[in-house]
Amino acid sequence: MAELSGREQQTSAFIMSELSLFGYKPKAIETGVYCDVGKGGGRLAFRADIDALPITENTLKTQVDFAAEGNVMHACGHDGHTANLLNVARLLGGRSRVPLRFIFQFGEEGLGGSQTMIERGVLDGVDEIYALHLCPELDEGKIGYCYGGMFAGCVEFDVDIKGRAAHCASPEKGADAVKAALDVAAATQRSASEQNLLVNLGKIGGGAARNIIADRCLSEYTLRYYDQAKCEAVMMAVERAALAADDKYGTDHSLVTHSVYPPLINHALAVDKVRSVMGDRCVAVEARNTAEDFSEYLLKVTGCMVWLGIGSDGHTAPLHSEEFSFDERALLTGTELFMKLIDSRAQGR
């Protein structure tokens, strides 16, 4: 099944049913699920995300008998993350010498579900956490690791400019929202370039007709960053540019932030543990400008995220592609990683 962020009711119900069958007592946080096994404090946690994307699966390319229906599919591999963690829970059978917590998080794709789950106590008693992400660019059987920054922070924001409509023959009677928006766009790009950050104006819309001065223009941006100070500098530049445009064109603006993910910064100790238990199957990878809300957990406790290689003949489509698929046998390496981390913890390493 594939369900969008915040709507994962069937997925959540399935996870709870499976965990109960395996001998656990799962609990819900909205459409997220978590459960504990083992006694004592200082829990070792593993997190999987469960939501899908609004993408129509190209079944001619994926050629799987469990293809998603409608315009929703697991194009980011969250079904693989979930299956992997359920497999770990199945193997343990509701018993563990190590205090563990399994976290199945809702709403990673844009809702920032990690924040809600943390606020509702999912990290209480946890002192270490791990997660993995499928990676088609990495060969099957490999684990990709990255010290420090692995995923960029992300700010999604809108600049909504309201003007005053008038005929283009009488521009003095209007307040041009489109011109104001273009000024802001230029200033935003200039500031991001100065700070060496990535900014994208992905959508802009305004105006009613070619001969009418636009009375409104909405611009939708995303900004990616690793340095919080540089991020704040760009956002301040956006606000200054919008104020200057208001003064110049007689418009009025609002700057609305929809979501903010901090950069995902892996802890060196956790990365070292992954490399220790998986040996030469680990390969160093470069940081990316994509975002991941697992970053919120790593602000609270020690841990890391790694890439799980799924690249093989016939499985090379990138994440967020309508053609994305993977060989389920690739998940065995992820299960092995998590089981070895549990064993390492049991031996006090």
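Bear in mind the structure is a predicted one, so any value in this text is a computation, not a measurement. (Residues numbered from 1 in each chain as written. Predicted model: local features only at pLDDT ≥ 70, side-chain atom pairs only at ≥ 80, totals over all residues. Heavy atoms only, no water.)

Student: Which residues make up the pairing of strand 12 (residues 216-225), and what values do they have?
Tutor: Counting buried residues along strand 12, seven of its 10 residues qualify, which places the element largely inside the surrounding structure. As defined by bridge partners, strand 8 (residues 153-162) adjoins strand 12 across 10 bridges and the pair is classed as antiparallel. The partner of C154 across the bridge, within strand 12, is R224. Taken together, the eight bridges between strand 10 (residues 198-206) and strand 12 define a ladder with antiparallel strand orientation. What sits directly across from G206, in strand 12, is C217. (Buried < 20%, exposed > 50% of the residue type's maximum accessible area, 1.4 Å probe, protein only. Helix = DSSP H or I, 4+ residues; strand = E, 2+ residues; numbered from the N terminus. Pairing = 2+ DSSP bridges.)

Student: Just give me the short version of the sheet that holds strand 10, but keep the residues and values in it.
Tutor: Strand order across the open sheet formed by four strands is 10-12-8-13, with antiparallel pairing between neighbours. Two strands in the sheet have a free side with no partner beyond their single neighbour: strand 10 and strand 13 (252-261). Adjacent strand axes in the sheet meet at a mean angle of 15°, parallel and antiparallel pairs treated alike. In the packing of helix 5 (residues 177-194) onto the sheet, contacts are made with strand 8, strand 10 and strand 12, and the angle to strand 12 comes to roughly 10°. (Axes fitted to C-alpha atoms, helices over the stretch in contact; angles between N-to-C directions. Contact = heavy atoms within 4.5 Å.)

Student: Any chance you could break down the packing of aromatic side chains for me, citing the residues and the numbers?
Tutor: Applying the stated rule across the entire model yields seven aromatic pairs. Note on Y24 and F102: the rings are 5.8 Å apart at their centroids and 75° apart in plane angle, and the pair reads as edge-to-face. Highlighted residues: Y24 in the loop between helix 1 (9-22) and strand 1 (27-29) and F102 in strand 4 (residues 100-105), separated in sequence by 78 residues. Each member of the pair Y24 and F102 is classed as buried. By way of ring pairs, the aromatic residues F46, Y130 and F338 are connected into one cluster. Over the face of the ring belonging to W307 we find R288, whose NZ or CZ atom lies 4.3 Å from the ring centre. (Phe/Tyr/Trp six-rings, centres within 6.5 Å; stacked < 30°, edge-to-face > 60°. Lys NZ or Arg CZ within 6 Å of the ring centre and 35° of its normal.)

Student: Lay out the sheet that holds strand 1 in plain terms, naming residues and giving numbers.
Tutor: If you walk across this open sheet you meet the eight strands as 1-2-4-3-5-16-6-15, and the pairing is mixed. Every other strand in the sheet has two partners, leaving strand 1 and strand 15 (282-284) as the edge strands with one partner each. Ignoring which end each strand starts from, the neighbouring axes of this sheet average 30° apart. In the sheet, strand 3 (residues 43-49) pairs with strand 5 (residues 126-139) via five bridges, with the strands oriented parallel. Each bridged residue has a counterpart across the sheet, and for L44 the counterpart in strand 5 is E128. Each of strand 3, strand 4 and strand 5 touches helix 3 (residues 78-92); the most contacted strand, strand 4, lies at about 155° to it.

Student: Tell me about the packing of helix 5 against helix 6 (residues 228-249), residues and numbers included.
Tutor: Close contact between helix 5 and helix 6 brings their axes to 9 Å; oriented N to C, the two are set at 155°. The orientation of helix 5 with respect to helix 6, classified from their angle, is roughly antiparallel. As for the relative orientation of helix 5 and helix 6, their crossing is right-handed in sense. In this structure, helix 5 uses K179, A180, D183, V184, A187, T188, S191 and A192 to contact helix 6, whose residues at the interface are A233, V234, A237, V238, A241, A242, A245, K248 and Y249. Of the residues that constitute the contact of helix 5 with helix 6, the class distribution is 12 nonpolar, two polar and three charged. (Parallel < 35°, antiparallel > 145°, perpendicular 65-115°, else oblique. Left-handed = near helix turned anticlockwise from the far one by under 90°. Nonpolar A, V, L, I, M, F, W, Y, C, P; charged D, E, K, R; others polar.)

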